[in-house]
Amino acid sequence: PVASSKWGHQYKYDISMPLEQFYNLVPLVQQKLQQQNLQSRVHAFGYGHLGDGNLHLNVVCDEAIDEVTEILEPYVFEFAVENGGSISAEHGIGQHKRAYMSLQKTAPTLKLMASIKRMFDPKGILNPNKVIP
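None of the values given here were measured: they were computed from a predicted structure. (Residues numbered from 1 in each chain as written. Predicted model: local features only at pLDDT ≥ 70, side-chain atom pairs only at ≥ 80, totals over all residues. Heavy atoms only, no water.)

### Notes on the overall build of the protein chain
Reasoning step 1: Regarding its fold elements, the protein chain presents 4 helices and 3 strands.
Reasoning step 2: In the protein chain, the succession of helices and strands from N to C terminus is β-α-β-β-α-α-α.
Reasoning step 3: Its C-alpha atoms give the protein chain principal-axis dimensions of about 50 × 30 × 25 Å.
Reasoning step 4: Taking all contacts inside the protein chain whose residues are at least 6 apart in sequence as the whole, residues at least 24 apart take part in 65%.
Reasoning step 5: A total accessible area of about 8,200 Å² is found for the protein chain, and carbon and sulfur atoms account for 54% of it.
Reasoning step 6: Across the protein chain, the 12 positively charged side chains and the 13 negatively charged ones have centroids separated by 12 Å. (Helix = DSSP H or I, 4+ residues; strand = E, 2+ residues; numbered from the N terminus. Contact = heavy atoms within 4.5 Å. Areas by Shrake-Rupley, 256 points an atom, 1.4 Å probe, with all protein chains shown as cover. Lys, Arg positive; Asp, Glu negative; His and termini not counted. Charge placed at Lys NZ, Arg CZ, Asp CG, Glu CD.)

### Observations concerning the environment of serine 40
Reasoning step 1: Within the secondary structure layout, serine 40 lies in the loop between α1 (25-35) and β2 (42-49).
Reasoning step 2: A relative accessible area of 61% places serine 40 in the exposed class.
Reasoning step 3: In this structure the C-alpha to C-alpha distance between serine 40 and isoleucine 132, which are 92 residues apart in sequence, comes to 39 Å. (Buried < 20%, exposed > 50% of the residue type's maximum accessible area, 1.4 Å probe, protein only.)

### Some points on unusual backbone geometry
Reasoning step 1: Of the consecutive residues glutamate 73 and proline 74, the connecting peptide bond is found in the cis state with omega at 10°.
Reasoning step 2: Checked against the element boundaries, proline 74 lands in the loop between α2 (66-72) and α3 (75-82).
Reasoning step 3: One non-glycine residue with positive phi stands out, namely asparagine 37, at about 60°.
Reasoning step 4: Mapped onto the secondary structure, asparagine 37 falls in the loop between α1 and β2.
Reasoning step 5: Its identity as a non-glycine residue notwithstanding, asparagine 127 has a phi of 50°, on the positive side.
Reasoning step 6: With respect to the helices, strands and loops of the structure, asparagine 127 is situated in the segment after α4 (107-120).

### What about the nonpolar core?
Reasoning step 1: Membership of the largest hydrophobic core comes to 29 residues, with the highest contact counts inside it found for Leu25, Val29, Leu33, Val59 and Val68.
Reasoning step 2: Taken together, the elements giving at least two residues each to this core come down to β1 (9-16), α1, β2, β3 (54-61), α2 and α3.
Reasoning step 3: Take this core: its biggest share by element is 5 residues, from α3.
Reasoning step 4: Not counting residues within four places of it along the chain, the set of residues in contact with leucine 33 comprises Leu38, Gln39, Val42, Ala44, Val59, Val68 and Ile71. (Core = buried A, V, L, I, M, F, W, Y, C linked by side-chain atoms within 4.5 Å.)

Such coordinate-based values are descriptive only and should not be taken to indicate function.
Quick look at the structure:
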């Protein structure tokens, strides 16, 4: 994983998966890249924590390629949710995954989360516009 930063641009995903699905995503991502004739320019690999299901999917290429982003998103997050996992694991939602929260949480749940945040942070000064706008 550390050496991969020397290979070029990295797309990093931190999701959680049930153990029976843990090893399925990387080959599927590789297959999707191959279908777009990107396999010679892009490498996908994963590692993680079997004990808690955290999967770190890394996709590395020489430079940022828009086609790779289009292949990976929202596919990676949809795969996680459809297979009983989560779009976030140990590193949380952050700003990037906020757009995909509706894959995992219903609109009423997201609204409730926002109202709870407003209750504890009425001035909106704690992590403004991060996970909950």
